[in-house]
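If you want the building blocks of each chain, they are given just below.
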Amino acid sequence: MYRVQDIMTDQVVVVSPTATINTAISLMVDRQVSGLPVVDDEQRLLGVITELDIIDLVYEADIDAAVVADYMTREVSSLSIDASLDAAANIFCSHSIRRIPVVD
C-alpha cells in the first residue's frame, strides 16, 4: 500500500508568521506554488497561507504592513509521512483543500 511519503514533495517552501504578505507573494510567484506552510523558528507548523487567503487583502488599505500571521489559516489538517494515501484522500475530499502539510 502506498503511503504519503511515496508521493509527497520534500522541497517545501515555508514562511514565517512574521513575514510580510509581500514576502509570501514573492515566494509563491518565484516557486510557482499556490500556498505556503507557516512555521515557527523550530519548524513547527502554525498554519498555511494560500492564494485565497491573500485575495482577502484586495480591499486592504495598507497591504505593505500586513503580515502572514494576520491572514493565514490556523486550523490545518496534517499527516505523518507514514499515513496512507486513503487518509490523505479522505482529508482532501472532506475539507475541499488542495494541500496537506506532512509533519514529522
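Conventions and cut-offs
- Residues numbered from 1 in each chain as written.
- Predicted model: local features only at pLDDT ≥ 70, side-chain atom pairs only at ≥ 80, totals over all residues.
- Heavy atoms only, no water.
- Helix = DSSP H or I, 4+ residues; strand = E, 2+ residues; numbered from the N terminus.
- Rg over C-alpha atoms; globule rule 2.2 N^0.38 Å.
- Buried < 20%, exposed > 50% of the residue type's maximum accessible area, 1.4 Å probe, protein only.
- Areas by Shrake-Rupley, 256 points an atom, 1.4 Å probe, with all protein chains shown as cover.
- Lys, Arg positive; Asp, Glu negative; His and termini not counted.
- Charge placed at Lys NZ, Arg CZ, Asp CG, Glu CD.
- Patch = residues over 30% accessible without salt bridge, like charges linked within 9 Å, V, L, I, M, F, W, Y side chains within 5 Å.
- Salt bridge = Lys/Arg side-chain N within 4 Å of Asp/Glu carboxyl O.
- Polar contact = N/O pair within 3.5 Å; in protein donor to acceptor, adjacent residues only side chain to side chain.
- Contact = heavy atoms within 4.5 Å.
- Pairing = 2+ DSSP bridges.

(A) The overall build of the protein, seen in detail. Secondary structure summary: the protein contains four helices and four strands in total. Element order for the protein, N to C, with α for helix and β for strand: α-α-β-β-α-β-α-β. Relative to the compact-globule value of 13 Å for 104 residues, the protein shows a C-alpha radius of gyration of 14 Å, a close match. When the backbone C-alpha atoms are referred to their principal axes, the protein occupies close to 50 × 30 × 25 Å. Out of the 104 residues in the protein, the part that is buried amounts to 31%. Surface exposure of the protein reaches about 7,000 Å², of which carbon and sulfur atoms provide 50%. Side-chain charges of the protein comprise 6 positive and 17 negative groups, with the mean position of each set lying 5 Å from the other.

(B) Up close: a nonpolar patch on the surface. On the surface, Leu 52, Ile 55, Val 58 and Tyr 59 cluster together into a nonpolar patch covering about 530 Å² of accessible area. By relative accessible area, Tyr 59 is classed as exposed at 78%.

(C) Looking closely at the side chain of Asp 53. Within the secondary structure, Asp 53 sits in helix α3 (residues 51-55). In this structure Asp 53 is buried but unpaired, with Arg 99 as the nearest side chain of opposite charge at 7.2 Å. Among the polar contacts made by the side chain of Asp 53, one reaches the main-chain amide nitrogen of Thr 50 at a distance of 2.9 Å. At a separation of 3.3 Å, a polar atom in the side chain of Asp 53 contacts the side chain of Thr 73. Filtering out sequence-adjacent residues up to four positions away, Asp 53 remains in contact with Val 48, Tyr 71, Met 72 and Thr 73.

(D) Layout of the pairing of strand β1 (residues 35-39). In terms of burial, β1 is a largely internal element, five of the five residues being buried. Burial along β1 is two-sided: Gly 35, Pro 37 and Val 39 facing one way and Leu 36 and Val 38 facing the other are all buried. Summarising the sheet, β1 and strand β2 (residues 45-50) pair through five bridges and their orientation is antiparallel. Looking across to β2, one finds that Pro 37 is bridged to Val 48. The turn linking β1 back onto β2 is made up of five residues, and Gln 43 within it adopts a positive phi angle of 65 degrees.

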